[in-house]
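Spelled out from the first residue to the last, the chains are:
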Amino acid sequence: KAVERIIRAFNNNEKIAIYADFDLDGTPGLALLKKGLEQLGFKDILYYQPKRLSEGYGVHSHAIDSLLGQGVQLIITVDVGITAIESVKYANLKGIDVIITDHHLPKEELPPAYAIVNPNKNECESNLGHLAGTGVAFYLILALRTEMKKLGLLKTDMNPKELLDCFAIGTLTDLVPMINENRSLVKHGLHVLKNTKRPGIKALLRAVDLEDKNILSEDISFKIAP
């Protein structure tokens, strides 16, 4: 359902905003989702992260107002939103659809979002509950790519492996279990990270003396992440 709504936004040239948590799962998750959407052909992707000290955690109504003022018609969350019942109601009232991607445990009542992608929802049968928020965003990109290829909407294909540097950072820093998909994709992500083309990450690698070196998981946890 999330993929269907995002493709509708693509076909109708709707303005999309990514609303991500401010931590080291939400931040690489935002970068991964934004870059992935752009590589799939989406244009003008806006984004918003609340400020940790002045706004705090969560989806905030004033942020929804700000995005509405910029013409946003669809919000996709990353690593946040599964408990944002009132905020999603507010977005619906303002005519904005919300797709929640998250991995945190839901409360008994779910937000009235257009779609919720969360492997830790009770009825989810994916067995992917070990994913961090960045991982959930990655799997959304995979599903979207598959459907867009099927519909003939991709002018040029994209390589999802290029996004695994962000997957590795988000997964390792959020301390989710290093099992199954997490383990194999982080392993590939460490190789991508070594050869990253992202200027910000390249600057970080220089700053911690990791440029052109093999990068280990502890390098991310104890050098890059801080």
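Residues numbered from 1 in each chain as written. Predicted model: local features only at pLDDT ≥ 70, side-chain atom pairs only at ≥ 80, totals over all residues. Heavy atoms only, no water.

J.: Let's hear about the environment of Thr77: which residues, and what values?
T.: Following the sequence through the fold, Thr77 ends up in strand β3 (residues 72-78). Distance from Thr77 to Gln49, taken between C-alpha atoms, is 9.9 Å for residues 28 residues apart in sequence. From its side chain, Thr77 meets the backbone oxygen of Val80 in a polar contact 2.7 Å long. (Helix = DSSP H or I, 4+ residues; strand = E, 2+ residues; numbered from the N terminus. Polar contact = N/O pair within 3.5 Å; in protein donor to acceptor, adjacent residues only side chain to side chain.)

J.: So, the environment of Ala17: which residues are in play, and what are the values?
T.: Along the polypeptide, Ala17 turns up in strand β1 (residues 15-20). Residues Ala17 and Leu205, 188 residues apart in the sequence, show an inter-C-alpha distance of 29 Å. Leave out the neighbours within four places in its chain, and Ala17 touches Leu46, Leu67, Val72, Leu74, Ile75 and Ile76. (Contact = heavy atoms within 4.5 Å.)

J.: Run through the sheet that holds β3, naming residues and quoting values.
T.: Here 5 strands make up an open sheet; going across it, the order is β2-β1-β3-β4-β5 and the pairing parallel. Here the strands that pair on one side only, and so sit at the sheet edges, are β2 (46-48) and β5 (115-117). The mean inter-strand angle of the sheet, taken between neighbouring strand axes irrespective of direction, is 20°. Relative to β3, β1 runs parallel, the two being bridged by 6 bridges. Each bridged residue has a counterpart across the sheet, and for Ala20 the counterpart in β3 is Val78. (Pairing = 2+ DSSP bridges. Axes fitted to C-alpha atoms, helices over the stretch in contact; angles between N-to-C directions.)

J.: Could you give an account of the packing of aromatic side chains, naming the residues involved and the relevant values?
T.: In this structure the tally under the stated criterion is 4 aromatic pairs. Aromatic side chains Phe138 and Tyr139 sit 6.0 Å apart centroid to centroid with 85° between the ring planes, which places their arrangement in the edge-to-face category. Looking at Phe138, the relative accessible area reads 3%, which means it is buried. We classify Tyr139 as partly exposed; its relative accessible area is 26%. Grouped by ring-pair contacts, the aromatic residues Phe138, Tyr139 and Phe167 constitute a single cluster. Its end group placed over the ring of Tyr114, Lys1 keeps NZ or CZ at 4.8 Å from the ring centre. (Phe/Tyr/Trp six-rings, centres within 6.5 Å; stacked < 30°, edge-to-face > 60°. Buried < 20%, exposed > 50% of the residue type's maximum accessible area, 1.4 Å probe, protein only. Lys NZ or Arg CZ within 6 Å of the ring centre and 35° of its normal.)

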